[in-house]
Amino acid sequence: MANIDIEQRGKVAILTLRRPDRRNALDEATIAEIDRFFDRPDKAIRAVVLQAEGPHFCAGLDLREHYELNRSPVEFMRMCQEWHRAFDRMQFGSIPVISALKGAVVGGGLELAAATHVRVADRSTFFALPEGQRGVYTGGGATVRVARIMTPARLIDMMIAARTYDVQRGFEVGLAHEIVETGTAETRALAIAEAAAEHYDLTNFGIITGIWRVNDMSTTDGLYAEALMAGMIMTNPNLRPSLEAFFAKAAPRLEPKD
């Protein structure tokens, strides 16, 4: 792949955006590569780290490409649907995706990050949706994914008032789950991914797919779907050794962690 580097470390795949000269802006080729990877990941991969080369995670849509292609309304709508498909494969797949954020997480970069399951941000990270300033509009899922994280009202305010959130504010509204020192997000994301890769794959599937799906349902349908998922996971024969370790007090103790 030309714009994404893929490295496998045991059960973890590390995907690195490789357009640092463009602040890792997302062009059509990069979205196609993301889609291709998450469409049929290697069966040995049990977790993914999404990171970026250079000082910035992702500055959003490649506006230079958009300007030069001069897309028609239908062409741009189809492009948006390609982003939706690629990001859906990430969010609703069977593999936990941990993003390592730094520098700009802006526009489409925030939409990309919002499709990951755990977001680790270093102190250089900042978040923005500058669509109002630039006279453009979100097309990669912000009105759904980002709005559900930080509420629609905050999303509108962020765009209308042209707010840029520092990493602390981003953490407070849910755009980041953890803040680490500058330059260490990749290391921390890898540690989370390696631990997640040891979970039962069926349990990971239920967590990363089931919870978002349930929260898109009515209360009645959501409770029914939860019961179906729980029935499938809790009767998994592979669960028995874990329960036996718990009974023998050999399971890891639960301790408060940041």
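Small disclaimer: the values here were computed from a predicted structure and weren't measured.

Peer 1: How should the packing of helix α6 (residues 142-150) against helix α7 (residues 152-160) be read in this particular structure?
Peer 2: Packed helix pairs are specified by the crossing angle of their axes together with the interaxial distance, meaning the distance between the axes. Relative orientation of the contacting elements α6 and α7 amounts to 110°, with a least axis distance of 7 Å. Here α6 is positioned roughly perpendicular relative to α7, judged by the angle of their axes. In this structure, the crossing between α6 and α7 has a hand that is right-handed. On α7, the residues that touch A142, T143, V146, A147 and M150 of α6 are P152, R154, L155 and M158. Partitioned by chemical class, the residues of the contact of α6 with α7 number 7 nonpolar, 1 polar and 1 charged.

Peer 1: How should I be thinking about the layout of surface pockets in this particular structure?
Peer 2: With a probe scaled to a water molecule rolled over the atoms, the places where space remains empty come into view. Quantified by volume, the largest pocket comes out at close to 420 Å³. Forming the boundary of the largest pocket are 20 residues, of which P96, H117, V118, I207 and I208 lie nearest the centre. Listed by contribution, the elements that provide at least two residues to the lining of the largest pocket are β6 (118-122), α9 (185-196) and α10 (201-214). No other element matches the 6 residues that α10 contributes to the lining of the largest pocket.

Peer 1: Explain the pairing of β6 here, please?
Peer 2: Two faces belong to every sheet, and in a regular strand the side chains alternate between them. By the criterion of burial, β6 is predominantly enclosed, with 4 of the 5 residues buried. Pairing analysis gives 4 bridges linking strand β4 (residues 97-101) to β6, with the strands arranged parallel. Bridge pairing in β6 links A100 to V120. Where β6 and strand β9 (residues 178-180) come together, 3 bridges link them in parallel fashion. Residue pairing across strands places A121 opposite I179, the latter belonging to β9.

Peer 1: Which parts of the structure should I look at to understand the sheet that holds strand β8 (residues 164-166)?
Peer 2: Hydrogen bonds between backbone groups are what pair the strands of a sheet, and the pairing can be parallel or antiparallel. A sheet is described by the order of its strands in space; here 3 strands give the open sequence β5-β7-β8, paired in mixed fashion. The open sheet is flanked by β5 (104-106) and β8, the only strands paired with a single partner. Here the average twist between neighbouring strands, direction ignored, is 20°. Bridge count for strand β7 (residues 126-128) against β8 is 3 bridges, and the pairing is antiparallel. Bridge assignment links A128 to a residue of β8, and that residue is T164.

Peer 1: I keep staring at helix α11 (residues 219-234) and nothing clicks. Help me out?
Peer 2: Because an α-helix completes one turn every 3.6 residues, residues spaced three or four positions apart along the sequence face the same direction. An ideal rise of 1.5 Å per residue puts 22 Å on 16 residues; α11 measures up with 22 Å between its terminal C-alpha atoms. Residues of α11 that are buried: G222, A225, M229 and I233. An end-on view of α11 places all buried positions within 70° of arc, on one side of the element. Across α11 from its buried face, at more than 90 degrees, point the exposed residues T220, L223, Y224 and M234. Looking at the buried side of α11, the elements it contacts are α10.

Peer 1: Teacher, can you tell me more about the pairing of strand β2 (residues 12-17) here?
Peer 2: In terms of burial, β2 is largely enclosed, as 6 of its 6 residues are buried. Here β2 shows a buried face lined by V12, I14 and T16 and a second buried face lined by A13, L15 and L17. Pairing analysis gives 6 bridges linking strand β1 (residues 4-9) to β2, with the strands arranged antiparallel. Note on β2: the bridge partner recorded for R9 is V12. The turn linking β1 back onto β2 is made up of 2 residues, and G10 within it adopts a positive phi angle of 65°. Inspection of the sheet shows β2 paired to strand β3 (residues 47-52) by 6 bridges, in the parallel sense. Bridge pairing links I14 to V49 in β3. Handedness of the crossover joining β2 and β3 through helix α1 (residues 28-39) is recorded here as right-handed.

Peer 1: I tried to follow the sheet that holds β6 on my own but got confused; where do I start?
Peer 2: Spatially, the 6 strands line up as an open sheet ordered β1-β2-β3-β4-β6-β9, and their pairing is mixed. Each edge of the open sheet is held by one strand with a lone partner, namely β1 and β9. In this sheet, neighbouring strand axes are inclined to one another by 20° on average, regardless of whether the strands run parallel or antiparallel.

Peer 1: Which parts of the structure should I look at to understand a nonpolar patch on the surface?
Peer 2: A contiguous nonpolar surface patch, about 360 Å² in accessible area, is contributed by L243, F246 and F247. Within the fold, F247 resides in helix α12 (residues 240-247).

How each quantity is defined
Within each chain, residue numbers correspond to sequence positions counted from 1 in written order. Residue-level local features of this predicted model are given only where pLDDT is at least 70; pairs of side-chain atoms are given and counted only at 80 or more, and the full residue set underlies all totals for whole chains, interfaces and linings. Excluded from the side-chain calculation are hydrogens and water; included are all heavy atoms of the structure. A fitted line through C-alpha atoms represents every axis, and for helices the fit uses only the stretch in contact; the resulting angles, taken between N-to-C directions, go from 0 to 180 degrees. Starting at the N terminus, helices and strands are each numbered in turn, a helix being any DSSP run of H or I of at least four residues and a strand any DSSP run of E of at least two. Any angle that is under 35 degrees is reported as roughly parallel, and any over 145 degrees as roughly antiparallel; angles of 65 to 115 degrees are reported as roughly perpendicular and all others as oblique. The hand of a helix crossing depends on one turn: near helix anticlockwise from the far one by less than a right angle means left-handed, and clockwise means right-handed. The contact criterion used throughout is that any non-hydrogen atoms of two residues lie within 4.5 Å. Three categories are distinguished: nonpolar for Ala, Val, Leu, Ile, Met, Phe, Trp, Tyr, Cys and Pro, charged for Asp, Glu, Lys and Arg, and polar for the others, with Gly belonging to the last. Site definitions follow a grid-based scheme: protein atoms alone, a 1 Å grid, a 1.4 Å probe that fits but cannot get out for cavities, and for pockets an open set with protein on both sides within 12 Å along at least five of seven lines, plus lining residues having an atom within 4 Å of a point. Grid points are joined across faces, edges and corners, and a volume is the space filled by probe spheres set on the points. Partly exposed describes any residue whose relative accessible area lies between the buried limit of under 20% and the exposed limit of over 50%, with all areas from a 1.4 Å probe on protein chains only and scaled to the type maximum. Any two strands are treated as partners once DSSP identifies two or more bridges connecting them. By definition here, a helix of n residues has an expected span of 1.5 Å times n minus one. Within this analysis, the arc is defined by the directions that extend from the helix axis to the C-beta atoms. For a crossover, the right-handed case is the one in which the path from the first strand over the helix to the second runs clockwise, viewed with the strands pointing away from the viewer. Surface patches are defined over residues having more than 30% relative accessible area and no salt bridge, joining like charges when they lie within 9 Å and nonpolar side chains (Val, Leu, Ile, Met, Phe, Trp, Tyr) when within 5 Å. To measure how exposed things are, a 1.4 Å probe is used in the Shrake-Rupley method; for residues, cover is taken only from the protein chains shown. What counts as a salt bridge is simple: a side-chain nitrogen of Lys or Arg found within 4 Å of a carboxyl oxygen of Asp or Glu.

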